[in-house]
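Residue-level listing of the chains:
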Amino acid sequence: GGLTVAPVWEGNADIVLDPSVIFGSGFHPSTRLCLEGLLKYSSSPELSLTTALDLGCGTGLLAIAAAKQGIKRIIACDHNTLACEVAKGNAERNGVGDAVAVRQADLRSACPDTHVDLVMANLYKGLMLDLFANPDFWRARLYLLSGFIPAMEAELLAALPQTGFKFLERRRSERWCFWALLRQ
């Protein structure tokens, strides 16, 4: 099943967000792609996802959706302190404050612990390339990645680990790309 998302001033949805001034209201195509991937893979009994990391969480939408989908422990990270405050408030507003821990983190200087079932990263290409180059980034089982356009795909593909992962999905929406990768 799908999850409906609405801003606080509209209300009446599965997830109600106060976007404040933060990117990640849930209405950007790359966020939508990640959300659709999350709904698809979190309902897969074979994957049995219980822990997740949301990198570049913005308003916290993906972390909140992960909790609503039954993922028990989610760490949501953003470099922007205001984004962290907004994400924390949104998690509490949606009744998942206990499942979602929000952390301020500079992903360029320190990769959070990726010993989780799921990593969601809706990030720009430069930051994605930095993470791809860090072996510590590649410890999760499933990766849902977006935030880049087709012209950036070749460079990102070349930066992926040569072994150990397979594509479950590669698709596009409104010129944005989405990848789902599974550890082998």
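Residues numbered from 1 in each chain as written. Predicted model: local features only at pLDDT ≥ 70, side-chain atom pairs only at ≥ 80, totals over all residues. Heavy atoms only, no water.

Novice: Mind showing me how you'd approach the overall build of the protein chain here?
Specialist: A count of helices and strands for the protein chain gives five helices and nine strands. Of the regular secondary structure in the protein chain, the N- to C-terminal order runs β-β-α-β-α-β-α-β-β-α-β-α-β-β. Taken against the 2.2 N^0.38 rule, which gives 16 Å for 184 residues, the C-alpha radius of gyration of the protein chain at 15 Å falls within 12% of a compact globule. Seen through its C-alpha atoms, the protein chain measures out along the principal axes to roughly 45 × 35 × 30 Å. Within the protein chain, the proportion of its 184 residues that are buried is 53%. Taking the contacts inside the protein chain whose residues are at least 6 apart along the sequence as the reference set, 64% of them involve residues at least 24 apart. For the protein chain, the accessible area works out to roughly 8,400 Å², and carbon and sulfur atoms hold 50% of it. Side-chain charges of the protein chain comprise 18 positive and 19 negative groups, with the mean position of each set lying 5 Å from the other. (Helix = DSSP H or I, 4+ residues; strand = E, 2+ residues; numbered from the N terminus. Rg over C-alpha atoms; globule rule 2.2 N^0.38 Å. Buried < 20%, exposed > 50% of the residue type's maximum accessible area, 1.4 Å probe, protein only. Contact = heavy atoms within 4.5 Å. Areas by Shrake-Rupley, 256 points an atom, 1.4 Å probe, with all protein chains shown as cover. Lys, Arg positive; Asp, Glu negative; His and termini not counted. Charge placed at Lys NZ, Arg CZ, Asp CG, Glu CD.)

Novice: Can you walk me through the environment of Ile 64 in this structure?
Specialist: Take Ile 64: it is sitting in helix H2 (residues 61-68). Residue Ile 64 is classed as buried on the basis of its relative accessible area of 0%. On a C-alpha basis, the gap between Ile 64 and Ala 105 in space is 18 Å, while along the polypeptide they are 41 residues apart. Discounting residues that sit within four places of it in the chain, Ile 64 has contacts with Ile 15, Leu 17, Thr 59, Asn 90, Ala 91, Asn 94, Val 96 and Val 100.

Novice: Please clarify how the environment of Asp 54 should be interpreted in this entry.
Specialist: With respect to the secondary-structure elements, Asp 54 resides in strand S3 (residues 51-55). Classification of Asp 54 as buried rests on a relative accessible area of 1%. Expressed as a C-alpha distance, the spacing of Asp 54 and Pro 135, which sit 81 residues apart in the sequence, is 18 Å. If near-sequence neighbours (up to four positions away) are discounted, Asp 54 is found in contact with Leu 62, Ala 63, Ile 75, Ala 76, Cys 77 and Met 120.

Novice: I keep staring at the pattern of salt bridges and nothing clicks. Help me out?
Specialist: Tallied over the full model, the rule gives 10 salt bridges. The partner of Lys 40 in a salt bridge is Glu 169, with the nearest N and O atoms 3.3 Å apart. Here Glu 169 lies in strand S8 (residues 165-173) and Lys 40 lies in helix H1 (residues 29-42), a separation of 129 residues in the sequence. Notably, a salt bridge pairs Asp 117 with Arg 141, separated by 3.3 Å at the nearest N-O pair. Residue Asp 117 is located in the loop between strand S5 (100-104) and strand S6 (118-122), and its partner Arg 141 is located in the loop between helix H4 (125-132) and strand S7 (142-148); the two are separated by 24 residues in the primary sequence. For Asp 117, a relative accessible area of 13% translates into the label buried. Look at Arg 141 and you get partly exposed, because its relative accessible area is 29%. One salt-bridge network, in which partners are shared between bridges, spans Glu 36, Lys 40, Glu 169 and Arg 171. (Salt bridge = Lys/Arg side-chain N within 4 Å of Asp/Glu carboxyl O.)

It is worth stressing that arrangement in space is one thing and function is another; only the former is reported here.
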